[in-house]
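Chain residues, written in single-letter form:
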Amino acid sequence: MSTEKPATAAPAAAAAVPTTTTTTTTPPTKHKNPSVPVVLQEAGLDSPSFRASALYFSEQVDAIERWLESYVRTTAKLSHDLVGLEETIHTYLARIIPPPHISNVDNDYAALALKRFSEGSREWWVQILNAAKQMDSMSVEPIRNFLQSDLKNFKEARRVLEQTQKVFDTTLARYVGQSKTKEPSSLREDAFAVYETRKAYLKASMDFCFYAPQFRINLDKLIVQVSYDLWREMKKSRDAAGSFGKHGHEMDRVRGWAKEMELSEPTFKRQLQLARSDIGESALAAVKPSREIEDYSASTVPFLGSRGPLNVTTGQSAAIMEKQGWLYLRTITGKPSRTNWIRRWYYCRDGIFGWLVNSPQGVLQGDEIGVLLCNVKPAVGEERRFCFEVKTKNQTLLLQAETQAQLMEWLEVFEVAKKKAFEASVSRDNSSLPGGVDPAFSITPPSLPEFSAKALDAQIEDGANADRTGALSVPAPEVGLIPRPSFDLTTAPPKRSVTSLAREDGESSREHAARIMQKLDLHRRAFTSGLDTGPMPPPGTSGGIAGLISASHGLLPTYTGSGSKSSQPMPGPEVQPGSLAPATLAKPPATTNLSKTAVVYSGDRSLSSSSSQNLPTAILANYWGSNAWGREYSKANRSNVELEDPFGPNSPTVRMVPVGDGEEAKSPSSHKKAISMDARVNHAKADQPAIEKPPPETFPPDYPIELKTNSAQFRLLFPSVPMDEKLVLVFRASWISNSEDDRTVPTMAGNGRIYVTPDNMYFYGHQMDLVVTYTISLDTISEVTAAPGRDCDFIFLHLNQGTDIIGYTRVTIKTFLEDLDLLHARLNLLVDDLQAEEPMDVPELIRALINLEKEELDRKSPSMDSWEEISEHTPLDDGTAAGRAISPRNHDKAYNSRQKSSRKPLPKFQLPTHPVIYEPEDMQRKGAERNFEISAKACFHVLFGDKSFIFPKLYFESRAQHITQSPWKLNEAGKMERQFRFSVNYTTRLGRTKAEEYTDEQTIELFSDHVTYVVTHVKTPWHLPHAHGFKLVTKIVITHVAKSKCKLAIFTKVVWTKPPALAKNLVEQQALDDAGQAAEDLAEIATDQVRKLGHHSRTKRAIQVYGNVGQQTQALVFTPNESDLTKKAQINPRTLSQMLLETLRSFADSVASSLMMWAFAGVKKLYDVITAQWIILSLLAFSTFTNIVFSGQGTSTWWNERRAVSYMNRIGVGPNIVMSKAIYIADLDEATHGSAGLQEWPEDSYCYSTFRSIANSTDADAPSEQAGAAMAWSSSRATARRLRQTRQKLGSYRHDLIVAMRTVNSVEREVVRAEWENWLLDENHRCEQVEAALARWDEGGAERSAKGWVTGQEVLQGGGSKNGKKSQEEREKDEAKKRNLQLWHEEYCGSCKADREALLQERERESLGAAAW
């Protein structure tokens, strides 16, 4: 694997079969999945960690197979033997009761005793026989099926892996062993042959990594299933007491854990399958050879020279920062000498160059060589291709890369590493490094002899004398899966040991080696595995962390067979060290045979004192692999003030050097002594300087032993955690995250351990070879709720919105073997303590957590009914307040121990309920005032803590140099004080440079903890005249305002010791002004620090960042960098004459400005007095003239209009008042008609068309600012924007008018409709009247006809002809009127009647529709 930070595009490969993968480190995305397939990643790189892990797992599988086969044979034999005794048992039961003919037995008591004994024996033996008969179905058959299916599939995958690995190693060794003179076409064929074997090997590796976790989880499910079924059968006994009753709940929970793993298995298997596909494709794409034959013609770098690549861009971000991968090393051994090439994994990072190699014990490490001791150049004269040499003073390493691109990358990374290491070495002090030695200038052996590869080198040299049949160098089995039985790691002389392994006084070398082997069990783990090693030694035989870890893994009792010479008694009850952590350790991410030794080393030695340093390479390779894959989300969210403290000890602005009490405070020299490139080389062992051993991790007093054991593994899993952050709680659980807002947030799921410190909660999960390392700050937890379940218990962590790295809002934790009430109370205690005004320290917090278990509280256990109501995999908490589990915080339980036992000696402190007001007396001015949302104690530590460098920063800004800050000490008056000594360089008026030293003092005048703090700062005003005659006194007052709120007030005054005769007030005024400016600067810096610390931050956090007060015992010297000195303005002392001249100049300026103002005022006054009356008269005359002119024009216009109106009225033309004030529906078309422009303008006008294009440049609905954006002329854009804005406003008005017009039209339609209905009803009523009249008319006509007929006869008889004619004409007229009236009635009234019927039908339909609705 080749890791570059960042990586450049590699040139064309000459032989494109690289065994390293080039990756580019990119910034982490917010929604990246926290699950990392560690073993799959290592398999894609083909790293030594993968090969060692595969070898270890294969050995474990072989041991598991032997164990299961022996268990199956023993169980089958036991079942067969018990079933064979069935006839004997029945005969025995029949002989218990005496025969019927025996009558001498007492029937009342003796016979009853035999009867009860017979019945009990029969039940007991029947249960035993039934259990023996069911052993085959419940125990033997599932295990046999597992051996025939899962184990067989895995062994087949392992066989394919071993075969493809051997073929790949052989093919690759043959390919790289070819000379430069071979034909390029033949090289290309061999390159593709290597590619095919690599492809098959990569597929076999991916299959192995895919089947291995499935085999592991299936084995766990099998063990749980068999154990639970047999336990359930044994529990059916009516005498189920003892361990059955004691551990029955644990067995149920273990069964629940198996169900949970079975349900989550498909999800993890799918993630593993996706990761397998992605990693395999990327790995194959990186090693695919080129088809161009020209790429196989090169054999070294594409230029000649001895200094490596000439195009190294060390100053650019594209330079390779680190690299690791496989290289071939040339070794010359034997007599006569013979050349051999062996394959090793080399790395170059952090200024060191080293190598790793596989062995039966794990991954071993060679000596690490500083890059500044290495001279690297291409080996042009070597017969093999792509070779380069690394030279030190006493040795030369000839290495071979596989491609030209890799060769150039290795040469480039050496150049970049050298430059970076040299710059770092010049800019830092080596005294802060372990042993005071820069790694870039030294050769460092491995941390422990168990990780050293020296013995492997010796064995290679010894074995090189053997005869070899072929000239081709084939890799030794050290890189494969098969261990070498002739290798003995313990023959290597130890170079460094852990504290518990150090040689004791009077101890010989043999005794010392024997004790080391006994402690670390190397004699047992070197060549054997599984059950062949014999019984394990008792855990108590070794001490230190190694003994604790051995004891933690010795949970399973061991039984000796009947054939053993010495029998061991059955172990007694398990020893429970405590409930703050489990007695076992979690599975490592990448397990090898040396993983346990890595944990031992981590427990006995602190790996690093700084979170920025990496794990030792050997530890990393045997625990994580080639990289710490889970580092991205494992870092805690720390305050910016700690990570980027602008005035801290690691600041680039100042350099800090501690000075002892008896030492002179000297500034560190900016010149660094020249260091020879070969100054640190491999001398004889007696001449090598001893490297300081890393100190062991220190624990508080009475730190629980179970936490010490888990802390060793915790430091390996989370190496970036500071050493001062201690474990307080560890528990086993599985978890899943939830995010309400963003569905793209990946789910964090896992099963493993949760490590809790006073500040953070660290999640480590390892399931299906997917490793999760995630950190959640306890500050982000708003509430912890819990709910009991049948197979598991639920704990819900409710997170504040926007505080998590990825965006989780809730984490659901499932526990199986933990006490829910106790764990819930402990988590609440930790969360509440973190938000308390005065959090507890680690020993006090641990005592409080332990006391929670000891207290006897009335806790209601959940009943079986409540268990049945809770689903196993669906938590009750739905994230809402109404759906949360009812499990409130029991503050009495959480803080009872703190109030009773741990806090007994201290009285209970109550903060004032009102703001504290404090103003010191005899102070002249208040310079500054700020209010902060932190406690007063936190603000006090921010300003005056031992790690706070605010005041040195202020001195630095005033151009002070060599600033020495003394520690806080008690003075004679019993008050804490400290001093600031500094020197000032300035230029006098004569141009001479002068340097003076001054001393300022700070004294804590009032210290009322949490309430009021008053600190007096006495400064020397060196830049003012009479500086030796007065002092600037600044009092910094910090008072309590409310909970997590305080006020900072700064008061200043001038204290004269020798007042001058002249200019006292002038100097004092300037001094107070300067003191006020300094107070403002101090307040601004304090505000910035509080902002970085965060509002409502804990006092504990402020103390951690800025330190306590009075615990520092050494003075600190601050020296600014030369580059920073030029950034500040030069401050020179001001003499009295300069101040007088400045005062006179200021006075002259004020006098001149006053004279000018007075002159202008006089002129103005004179002008007002002399011309005021004339101006008033002139304005009056002008006003009169103007009024006359405008009035005349208006009058003339009015009379002209009046005459015109009169004329128009005379000719009959006048205005229509109604039409001018009303618009009807018929006029809407004309009223709403609009025009896009000037319609009357000619359409063929080029100018008008240009204007139309400007007016219609954008959509009318688009913003007016975008109108004319594409136009070139600013005037056109302004016209388009103005026109578009105006038309949009008019369109808005038009919209309002149209809405109002539609409303008026609707009202008008309703009015017309109502009038129409009323008129229609009236007309129908009149038609009915007409119809009635016509009916009466018909009746009256008939009577008149009858009367006229009689009269006619009379007329004919009497001869009256004239009257007869007249009545006949009248009748004809009446008939005509009647017919006309009937016709009109039929036409008009019929229409009205039809309209009425239609109206009634419409109303009926409307009523039916409303009823249906």
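Heads up: the structure comes first, above all this text.
Read on for a plain summary of the structure. As the structure is a computational prediction, the values presented were derived from the model and not from experiment.

What counts, and at which threshold
Residues numbered from 1 in each chain as written. Predicted model: local features only at pLDDT ≥ 70, side-chain atom pairs only at ≥ 80, totals over all residues. Heavy atoms only, no water. Salt bridge = Lys/Arg side-chain N within 4 Å of Asp/Glu carboxyl O. Helix = DSSP H or I, 4+ residues; strand = E, 2+ residues; numbered from the N terminus. Buried < 20%, exposed > 50% of the residue type's maximum accessible area, 1.4 Å probe, protein only. Axes fitted to C-alpha atoms, helices over the stretch in contact; angles between N-to-C directions. Parallel < 35°, antiparallel > 145°, perpendicular 65-115°, else oblique. Left-handed = near helix turned anticlockwise from the far one by under 90°. Contact = heavy atoms within 4.5 Å. Nonpolar A, V, L, I, M, F, W, Y, C, P; charged D, E, K, R; others polar. Pairing = 2+ DSSP bridges. Phe/Tyr/Trp six-rings, centres within 6.5 Å; stacked < 30°, edge-to-face > 60°. Lys NZ or Arg CZ within 6 Å of the ring centre and 35° of its normal.

### Overview of the pattern of salt bridges
Okay, step 1: Tallying each qualifying case throughout the model produces 40 salt bridges.
Okay, step 2: Here Arg 1313 makes a salt bridge to Glu 1402, at a shortest N to O gap of 3.2 Å. Of the two residues, Arg 1313 is situated in helix α30 (residues 1274-1358) and Glu 1402 in helix α31 (residues 1361-1412); the sequence distance between them amounts to 89 residues.
Okay, step 3: The residue Glu 1323 makes a salt bridge to Arg 1326 at a minimum N-O spacing of 2.8 Å. Taken as a pair, Glu 1323 and Arg 1326 lie in helix α30 at a separation of three residues, close to a single helical turn.
Okay, step 4: The exposure class of Glu 1323 is buried, given its relative accessible area of 11%.
Okay, step 5: By sharing partners, the salt bridges in this structure join Asp 46, Arg 51, Asp 169 and Arg 343 into a single network.

### Observations regarding the environment of Leu 799
Okay, step 1: Considering the arrangement of structural elements, one finds Leu 799 in strand β19 (residues 793-799).
Okay, step 2: Judged by its relative accessible area of 6%, Leu 799 is buried.
Okay, step 3: Along the sequence, Leu 799 and Thr 780 sit 19 residues apart, while their C-alpha atoms lie 5.4 Å from each other.

### Let's talk about the packing of helix α1 (residues 38-45) against helix α6 (residues 184-235)
Okay, step 1: At a minimum axis distance of 9 Å, the contact between α1 and α6 shows a crossing angle of 170 degrees. When the axis of α1 is compared with that of α6, the two are roughly antiparallel. As for the relative orientation of α1 and α6, their crossing is right-handed in sense. Across the interface between the two elements, Val 39, Leu 40, Ala 43 and Gly 44 from α1 touch Leu 202, Ser 205, Met 206 and Cys 209 from α6.
Okay, step 2: Here the contact of α1 with α6 is built from residues that sort into six nonpolar, two polar and no charged.

### Considering the pairing of strand β16 (residues 760-767)
Okay, step 1: Burial of β16 is extensive: eight of the eight residues sit out of reach of the surface.
Okay, step 2: Of the two faces of β16, the one holding Asn 760, Tyr 762, Tyr 764 and His 766 and the one holding Met 761, Phe 763, Gly 765 and Gln 767 are both buried throughout.
Okay, step 3: Across five bridges, the pairing between strand β15 (residues 749-756) and β16 is antiparallel. The partner of Ile 754 across the bridge, within β16, is Phe 763.
Okay, step 4: Two elements, β16 and strand β17 (residues 770-777), share eight bridges in a ladder whose sense is antiparallel.

### Digging into the pairing of strand β27 (residues 1030-1042)
Both faces of the sheet carry side chains from a regular strand, because those side chains alternate between them.
Okay, step 1: With ten of 13 residues buried, β27 lies mostly within the body of the structure.
Okay, step 2: Bridge count between strand β26 (residues 1012-1019) and β27: eight bridges; the pairing is antiparallel. Paired with Val 1015 across the two strands is Ile 1036, which belongs to β27.
Okay, step 3: Bridge count for β27 against strand β28 (residues 1045-1056) is twelve bridges, and the pairing is antiparallel. Within the sheet, the bridge partner assigned to Lys 1035 lies in β28 and is Phe 1051.

### A short note on the packing of aromatic side chains
Okay, step 1: This model, assessed by the stated rule, comprises 35 aromatic pairs.
Okay, step 2: Between Phe 794 and Phe 796 the ring centres are 6.3 Å apart and the planes differ by 10 degrees, which places this aromatic pair in the stacked class. Grouping residues by exposure puts Phe 794 and Phe 796 together as buried.
Okay, step 3: One aromatic cluster in this structure is built from Phe 940, Phe 944, Phe 951, Tyr 955, Trp 968, Phe 980, Phe 982, Tyr 998, Phe 1007 and Tyr 1013.
Okay, step 4: Over the ring of Trp 355 we find Arg 344, and its NZ or CZ is 3.8 Å from the ring centre.
Okay, step 5: The side chain of Arg 349 reaches across the aromatic face of Tyr 347, ending 5.0 Å from its centre.

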